[in-house]
Amino acid sequence: MADATAIPSTLPAPDPTHAASVFTPINVLLLSLFGILVYFRLRPSAPQTLPRAPPATVFRTFTPPTLFPYNGLNSMPVYLAVRGRVFDVTSGRNFYGPGGPYANFAGRDASRGLACGSFDEDMLTKDLDGPLDTLEDLDAEQMEALRGWEERFDEKYLVVGKLVPVGSPEADETKA
């Protein structure tokens, strides 16, 4: 006998011959979302491009006028000379390039300024066609400071050339 307190169902009993459809709106939406996620996960990505190698640097002989354009302006690399050796300091462009604290050394012989710890323009050779600074008037402490700078440059930067005076036989050979 049936329980008298049970509430009679107002819904008709499902027809056993008629199955519920799997394609309800929510199922279609979820299936579409799943398909989109799988597509984005498995789609081929654009091939990675490797950075271009920097151009090869050839060791060359510079004179003060031929070194001067390498001051970082007009997309040029940044070079500076210390005791006759020319260093490519382009990787330190924020220090030695335009607007940097050592910018006045770019494209120039920085030996005297580094030895004296001065970044003033008067530490640079004014006459680019004149003789190179011999640094003979520097004292032992200043020469030691200069050697320290040169060691730092040797550790960090590539030597790309040597600095010779205008009119020297080595400078004349590079013109030929």
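Residues numbered from 1 in each chain as written. Predicted model: local features only at pLDDT ≥ 70, side-chain atom pairs only at ≥ 80, totals over all residues. Heavy atoms only, no water.

Taking an unreviewed UniProt entry as the reference, the protein chain is identified by name as Cytochrome b5 belonging to Decorospora gaudefroyi. Word for word, the UniProt comment on the protein chain under Subcellular location (unreviewed entry) is "Endoplasmic reticulum". Check the Sequence similarities (unreviewed entry) section of the UniProt entry for the protein chain; it says "Belongs to the cytochrome b5 family. MAPR subfamily." (UniProt positions renumbered as here; feature names shortened; annotations may be inferred.)

Visitor: Explain the overall build of the protein chain here, please?
Guide: Broken down by element type, the protein chain carries six helices and four strands. In the protein chain, the succession of α and β elements from N to C terminus is α-β-α-β-β-α-α-α-β-α. Here the protein chain, with 176 residues, has 29% of them falling under the buried criterion. As displayed, the protein chain offers around 12,800 Å² of accessible surface, 61% of which is attributable to carbon and sulfur atoms. (Helix = DSSP H or I, 4+ residues; strand = E, 2+ residues; numbered from the N terminus. Buried < 20%, exposed > 50% of the residue type's maximum accessible area, 1.4 Å probe, protein only. Areas by Shrake-Rupley, 256 points an atom, 1.4 Å probe, with all protein chains shown as cover.)

Visitor: Would you take a moment to explain the pattern of salt bridges for this structure?
Guide: Pairing between side chains of opposite charge can happen when their charged atoms approach one another. Inspection of every chain in the model, using the stated rule, returns seven salt bridges. In this structure, Arg85 engages Asp154 in a salt bridge whose closest nitrogen and oxygen atoms are separated by 2.5 Å. Here Asp154 lies in helix 5 (residues 140-156) and Arg85 lies in strand 3 (residues 85-88), a separation of 69 residues in the sequence. Across the salt bridge formed by Arg112 and Asp133, the nearest N and O atoms sit 2.6 Å from each other. Placement of Arg112 in helix 4 (residues 111-116) and of Asp133 in the loop between helix 4 and helix 5 is noted, with a sequence separation of 21 residues between them. Given a relative accessible area of 16%, Arg112 falls into the buried group. A cluster of three or more residues bridged by salt bridges with shared partners is formed by Arg83, Arg85, Glu150 and Asp154. (Salt bridge = Lys/Arg side-chain N within 4 Å of Asp/Glu carboxyl O.)

Visitor: Help me out: how do you make sense of the sheet that holds strand 4 (residues 158-163) in this one?
Guide: Two modes of strand pairing occur in sheets, parallel and antiparallel, and in both the strands are linked by backbone hydrogen bonds. Pairing within the open sheet is mixed, and its four strands lie in the order 1-4-3-2. The sheet is open, and its two borders are formed by strand 1 (60-62) and strand 2 (79-82), each paired with just one other strand. When the angles between neighbouring strand axes are averaged without regard to direction, this sheet yields 40°. Across four bridges, the pairing between strand 3 and strand 4 is antiparallel. Paired with Val86 across the strands is Gly161, a residue of strand 4. (Pairing = 2+ DSSP bridges. Axes fitted to C-alpha atoms, helices over the stretch in contact; angles between N-to-C directions.)

Visitor: What is the right way to look at the packing of aromatic side chains in this model?
Guide: To describe a pair of aromatic rings, one takes the distance between the centres and the angle between the planes. Scanning the model with the defined rule gives 15 aromatic pairs in all. On the basis of an interplanar angle of 90° and a centroid distance of 6.1 Å, the ring pair of Tyr96 and Tyr157 is categorised as edge-to-face. In this pair, Tyr96 sits in helix 3 (residues 93-96) while Tyr157 sits in the loop between helix 5 and strand 4, placing the two residues 61 residues apart along the sequence. Across the pair, Tyr157 and Tyr96 agree in class, each one buried. Plain terms: the ring middles of Tyr102 and Trp149 are 5.8 Å apart, the flat faces sit at 75° to each other, and that makes the pair edge-to-face. Taken together, the positions of Tyr102 in the loop between helix 3 and helix 4 and Trp149 in helix 5 put the pair 47 residues apart, joining distant regions of the chain. The same class applies to Tyr102 and to Trp149, which are both buried. In this structure an aromatic cluster arises from ring pairing among Phe87, Phe95, Tyr96, Tyr102, Phe105, Phe119, Trp149, Phe153 and Tyr157. (Phe/Tyr/Trp six-rings, centres within 6.5 Å; stacked < 30°, edge-to-face > 60°.)

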